[in-house]
Amino acid sequence: MAFEEEFFSETGFCRLEIDPEDWDDHGCADGPRVGRRLVLDGVNAVRVTFRCDAPENAQCFVIVNTVTDRNRDHLDAFRLEGMPGSRVHVLACALPADVILSYQFAIVDSGGIDPRTSMDRGEWLRLSQAAHPDCSNVRSLINGRGNVASLFVGPDASVVWPSESRRYLQMRAAREEDIGVRINTRNTRRERERPRSIVVHDGECPARRTLILFDGEMWRANGVGWLTWRYPGLRVVTIDAGDLRARQEELTEAGRVEELVRDICAEVGAGPVALAGQSFGGLAVLEAACLGSLPVESFLAQSPSLWWGGDERGRGEGTLMTELRRGQRQLGDGLTVSCQVGERERAMLPVTRHCTALLERSGSLVSFESYPGGHDVAWWREGLVRMLDRWCA
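Here's what I pulled together on the structure shown here.

Analysis parameters
Residues numbered from 1 in each chain as written. Predicted model: local features only at pLDDT ≥ 70, side-chain atom pairs only at ≥ 80, totals over all residues. Heavy atoms only, no water. Helix = DSSP H or I, 4+ residues; strand = E, 2+ residues; numbered from the N terminus. Polar contact = N/O pair within 3.5 Å; in protein donor to acceptor, adjacent residues only side chain to side chain. Pairing = 2+ DSSP bridges. Axes fitted to C-alpha atoms, helices over the stretch in contact; angles between N-to-C directions. Salt bridge = Lys/Arg side-chain N within 4 Å of Asp/Glu carboxyl O. Buried < 20%, exposed > 50% of the residue type's maximum accessible area, 1.4 Å probe, protein only. Core = buried A, V, L, I, M, F, W, Y, C linked by side-chain atoms within 4.5 Å. Contact = heavy atoms within 4.5 Å. Phe/Tyr/Trp six-rings, centres within 6.5 Å; stacked < 30°, edge-to-face > 60°. Parallel < 35°, antiparallel > 145°, perpendicular 65-115°, else oblique. Nonpolar A, V, L, I, M, F, W, Y, C, P; charged D, E, K, R; others polar. Patch = residues over 30% accessible without salt bridge, like charges linked within 9 Å, V, L, I, M, F, W, Y side chains within 5 Å. Areas by Shrake-Rupley, 256 points an atom, 1.4 Å probe, with all protein chains shown as cover. Lys, Arg positive; Asp, Glu negative; His and termini not counted. Charge placed at Lys NZ, Arg CZ, Asp CG, Glu CD.

What follows covers the side chain of Q104. Mapping Q104 onto the fold places it in strand β7 (residues 100–108). A polar side-chain atom of Q104 sits 3.1 Å from the main-chain carbonyl oxygen of V148.

Quick look at the structure:
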C-alpha cells in the first residue's frame, strides 16, 4: 500500500517532509511532537514528529502498531532521518487526529534491516522483539507480545486507562488469588497440561459482578486490577493463555473454552458474568456466545480472529462465519454481545461488521464499534472500559 496523501483514509499514515524546526530540541520529555492540523483524503489529521536517540551511523525505524507490520514491504517509509554529527533521528508524518496507538523504535546498524524481514514473519518478529519504547514518552503499555511500547493519543482522542506502573497501589486489586491449580484439577485433560495461572482480582467491596478475561498475562501486566477500583464490586478473573501455540489450540476449540469458562463460573462467579477476549480470545468469546449454555450474560469480542479456519491467516472469513451465514450457529436469547475492531485492521473490519449483522438475526442485543487504531492493546483497554461503563451502570 502506498503512503501518499490520497491513500490516507486506507493507511492512516503519511510520511511528510521534515521542517527545520523538527530538528530542534523541543524539550523531548513528552513524546512525539504534535503540530498543525491537516485534512488528508477527507480525514482529519495532525502532523506528528517522532524523535529517537541513537548512534549517528545507526538506522532507526518507528514501528507503528499494525500500520508498519502490515506494510513490511514499505519499511523505508518508517525510517527516521539522522542529523549529521549527532544522535538525533527524526521522522515527520501525518496520523489521524483521533488515533490511539502504540509504537516502538527499532534500531539497527548502518547495514539496515535484513531484506528477508519484508517477507519472513519470523525475521519480522525478531526485529519487533528487539524494539524498545520511546524513552521521552511517559505514556506506555505492555503490548500483545509482552513488550513495553509507548502510547500515542491524538488530540481528538482521550484515554482513561492509566499509564502508571503496576507498582502503583491503584493498579493492583486489594486482593489477588491464583486459583489455577483448583480450576485445572476440575478437568483431567487440563490437569495433564501445562500449569497455568488463573487470578481472581477483588476490590475492597464484596464482589457483585464478575468479568472474565482471556490473555491474563497481558492484562495483569497492564494493571487490570485498576478496574476493581473504578468499578466497586467488580471481580476480575484473568486466564493465562501461554505461548502462541497453546493459545491458538485452546481458544479456537469451542468445547475447551466452554469447559474452562463454566468451571471458573462455578468456582468464583459472583453475580452477573461478562466474558471478554481479543484476537483468538475474541473468537473464543463469540464461540462461547453461540453455545448459549454458559452462565454469562455479556460478551465482548475485540479484534476477533474470524479468519480462523479459512484460506488465509488474518484475512477473509473462517469457520464460524461460514456456519453463521448458513444458519448453523446463532446466539442464545437475552444476551448482550459487543464486537469491536480497529479501523486500521483493514482486512478484518468488514468481516467483523458482517459478523455483527449475522449475529443481529437473533433475539439478543448486538452492537458494533470501530476504534481509531489497529490490532492494539492501546484501544482494547479503552474499548473494555466503554463496555464496562455500560454494563456496570
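Read across the open sheet, the four strands follow the order β4-β7-β9-β8; overall the sheet is antiparallel. Among the strands making up the open sheet, the edge pair consists of β4 (59–64) and β8 (140–142). Ignoring strand direction, the axes of neighbouring strands in this sheet form an average angle of 40°. Sheet topology note: the β7/strand β9 (residues 148–153) ladder contains four bridges and is antiparallel. Note that in β9 the partner of S102 across the bridge is L151.

Time to look at the pattern of salt bridges. The full count for this structure, using the stated rule, is 28 salt bridges. Residue R182 pairs with E267 through a salt bridge whose shortest N-O separation is 2.8 Å. Taken together, the positions of R182 in helix α3 (residues 180–184) and E267 in helix α8 (residues 254–268) put the pair 85 residues apart, joining distant regions of the chain. Under the relative-accessibility criterion, E267 is labelled partly exposed at 27%. Residues R196 and E250 are paired through a salt bridge, measuring 2.6 Å at the closest nitrogen-oxygen approach. Of this pair, R196 sits in the loop between α4 (188–192) and β11 (198–202) while E250 sits in helix α7 (residues 244–251), placing them 54 residues apart in sequence. Accessibility expressed as a relative area gives 5% for E250, which makes it buried. Beyond isolated ion pairs, a larger network of salt bridges with shared partners links D19, D22, R36 and R47.

Residues V337 and L359 are the most contacted members of the largest nonpolar core, which totals 44 residues. Here this core gets eight residues from one element, more than from any other, and that element is helix α9 (residues 280–291). With residues up to four places along the chain from it excluded, the contact list for L359 reads L286, C290, L324, L331, V337, C339 and V366. Within the second largest apolar cluster, 30 residues are counted, among which are L234, A274, L300 and L384.

Turning next to the environment of E5. Residue placement: E5 occurs in the segment before α1 (8–11). By relative accessible area, which is 42% here, E5 ends up partly exposed. Each C-alpha atom, one on E5 and one on N147, is 32 Å from the other, the two residues being 142 residues apart in sequence. If we ignore the near neighbours within four places in the chain, the residues touching E5 are C14, L40 and D41.

Attention shifts here to the packing of aromatic side chains. Per the counting criterion, the structure on display carries 11 aromatic pairs. Look at F280 and W307: their rings are 5.7 Å apart centre to centre, the planes differ by 55°, and that puts the pair in the tilted class. Of this pair, F280 sits in helix α9 while W307 sits in the loop between β15 (298–302) and α10 (319–325), placing them 27 residues apart in sequence. A relative accessible area of 11% places W307 in the buried class. Chaining the aromatic ring pairs together yields one cluster made of F50, Y103 and F105.

A word on the packing of α8 against α9. Orientation of α8 relative to α9, taken along the N-to-C sense of each, is 80°, at an axis distance of 9 Å. When the interaxial angle is binned, α8 and α9 end up roughly perpendicular. Where α8 abuts α9, its residues A254, V257 and E258 lie against A284, E287, A288 and L291. A class-by-class count of the residues in the contact of α8 with α9 yields five nonpolar, no polar and two charged.

Taken together, the side chains of E4, E5, E6 and D41 present a region of like negative charge at the surface. Note on placement: E6 falls in the segment before α1.

A word on the sheet that holds strand β14 (residues 273–278). Within the open sheet, the eight strands sit side by side as β10-β11-β13-β12-β14-β15-β16-β17. Their pairing is mixed. Strands with a single pairing partner mark the edges of an open sheet, and in this sheet they are β10 (175–178) and β17 (365–371). This sheet shows a mean twist of 15° between the axes of neighbouring strands, independent of strand direction. Its contacts with the sheet place α8 against β11, β12 (209–213), β13 (234–239) and β14, and it is angled at close to 140° to β13.

Bringing the packing of α7 against α8 into the picture now. One can describe the packing of α7 onto α8 by two numbers: an axis separation of 6 Å at closest approach and a directional angle of 90°. Looking at the two axes, α7 sits roughly perpendicular to α8. On α8, the residues that touch E249, E250 and L251 of α7 are R256, V257 and L260. The residue inventory of the contact of α7 with α8, partitioned by class, reads three nonpolar, no polar and three charged.

So, on to the pairing of β13. With respect to burial, β13 is a largely interior element, six of its six residues being buried. Where β11 meets β13, four bridges bridge the pair, whose relative direction is antiparallel. Along β13, the bridge assignment pairs V200 with V237. With five bridges connecting them, β12 and β13 associate as parallel partners. Opposite T210, over in β13, you have R235 as the bridge partner.

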